[in-house]
Amino acid sequence: KGGTSDPFAEVKIGRQSHKTSAIPKTVNPVWNETFTLDINTPGSVLEIVLFDQDKGMIMSGSEFLGSVEVQIDSLNVGVPIEDWHTLQWNRKYQKKQEKVTGRVMLRIEAKCSTEGMSTDEVDELKKVPKPVRDVKKAEQLVEKGFGTL
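Residues numbered from 1 in each chain as written. Predicted model: local features only at pLDDT ≥ 70, side-chain atom pairs only at ≥ 80, totals over all residues. Heavy atoms only, no water.

## Focus: the pattern of salt bridges
Next up, step 1: Counting across every chain of the model gives four salt bridges.
Next up, step 2: With its nearest N and O atoms 3.8 Å apart, the salt bridge here joins Arg107 to Glu82. A residue pair is termed long-range when its members are at least 10 positions apart, and Arg107 in strand S7 (residues 103-108) and Glu82 in strand S6 (residues 81-86) qualify at 25 residues.
Next up, step 3: Accessibility expressed as a relative area gives 54% for Glu82, which makes it exposed.
Next up, step 4: A cluster of three or more residues bridged by salt bridges with shared partners is formed by Glu82, Arg107 and Glu109. (Salt bridge = Lys/Arg side-chain N within 4 Å of Asp/Glu carboxyl O. Helix = DSSP H or I, 4+ residues; strand = E, 2+ residues; numbered from the N terminus. Buried < 20%, exposed > 50% of the residue type's maximum accessible area, 1.4 Å probe, protein only.)

## Some details on the packing of aromatic side chains
Next up, step 1: Throughout the structure, instances matching the rule amount to four aromatic pairs.
Next up, step 2: For the pair Phe51 and Phe64, a centre-to-centre distance of 6.3 Å together with 75 degrees between the ring planes defines the contact as edge-to-face. Here the residue Phe51 occupies a position in strand S4 (residues 45-55), and Phe64 occupies one in strand S5 (residues 60-71), the gap between them amounting to 13 residues. Each member of the pair Phe51 and Phe64 is classed as buried.
Next up, step 3: An aromatic cluster is present here, built from Phe8, Phe51, Phe64 and Tyr93 joined pairwise through their rings.
Next up, step 4: Lying over the aromatic face of Phe8, Lys19 brings its terminal NZ or CZ to 4.6 Å of the ring centre.
Next up, step 5: Geometry around Trp84 places Arg103 over its ring, the cationic atom sitting 4.4 Å from the centre. (Phe/Tyr/Trp six-rings, centres within 6.5 Å; stacked < 30°, edge-to-face > 60°. Lys NZ or Arg CZ within 6 Å of the ring centre and 35° of its normal.)

## Thoughts on unusual backbone geometry
Next up, step 1: If you check the backbone angles, Lys25 has positive phi at about 45 degrees while not being a glycine.
Next up, step 2: Among the secondary structure elements, Lys25 is positioned in the loop between strand S2 (16-19) and strand S3 (38-39).
Next up, step 3: Lys25 sits in the exposed class, given a relative accessible area of 66%.

## A word on the side chain of Glu10
Next up, step 1: Position of Glu10 relative to the elements: it lies in strand S1 (residues 7-13).
Next up, step 2: A polar contact of 3.3 Å, which involves the side chain of Glu10, links it to the side chain of Lys12.
Next up, step 3: Dropping the residues within four chain positions of it, Glu10 is found in contact with Ser17, His18, Lys19, Glu47, Ile48, Val49 and Phe51. (Polar contact = N/O pair within 3.5 Å; in protein donor to acceptor, adjacent residues only side chain to side chain. Contact = heavy atoms within 4.5 Å.)

## A look at the pairing of S1
Next up, step 1: Across the seven residues of S1, seven count as buried, placing the element largely inside the fold.
Next up, step 2: In S1, alternate side chains face the same way, and those of Pro7, Ala9, Val11 and Ile13 on one face and Phe8, Glu10 and Lys12 on the other are all buried.

## Quick look at the environment of Ile72
Next up, step 1: Mapped onto the secondary structure, Ile72 falls in the loop between S5 and S6.
Next up, step 2: For Ile72 and Pro42, which are 30 residues apart along the polypeptide, the C-alpha to C-alpha distance reads 7.8 Å.

## A look at the nonpolar core
Next up, step 1: Counting residues in hydrophobic clusters, the biggest one holds 24 residues, and the most contacted among them are Leu46, Ile48, Leu50, Val70 and Leu106.
Next up, step 2: For this core, the secondary-structure elements that each account for two or more residues are S1, S4, S5 and S7.
Next up, step 3: The leading source of residues in this core is S4, at five residues.
Next up, step 4: In this view, Leu106 contacts Ile48, Val68, Val70, Ile81, Glu82, Asp83 and His85; residues no more than four positions away in its chain are not counted. (Core = buried A, V, L, I, M, F, W, Y, C linked by side-chain atoms within 4.5 Å.)

## Some thoughts on the environment of Val70
Next up, step 1: With respect to the secondary-structure elements, Val70 resides in strand S5.
Next up, step 2: Sequence separation of Val70 and Ser44 is 26 residues, and the distance between their C-alpha atoms is 8.7 Å.
Next up, step 3: With residues near it in sequence (within four places) discarded, Val70 still touches Ser44, Val45, Leu46, Leu75, His85, Leu106 and Ile108.

See below:
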């Protein structure tokens, strides 16, 4: 907030969390990092939270920069989306409401895995026309807890 930051992002769905590397002294970080997260529940929310990594001599910590939430149900299996998202204030990460500025470009693709499905289930899935198959497969896998992002 003024000057440069050492930003990093936390990518979360439920209890799963991944953290990007911190990019030193920038206001335009480029991470180009990929994470795979299991989608266990319909209605899950993908949360991206940006922080400024502060490494002081006396205290170390991270300052909240903003967050973005993406509804997993809004994604189509196998169709990547790449879009700018405006950062928002989130009381989970910062008690005092302050103006949050900035945007983050996200590329998100929902993929399905047949891991955990029986051979018969996989064979049945292959008989369904592809556009319908992706949706049905996603629904079946989410119900079983095998979807990945």
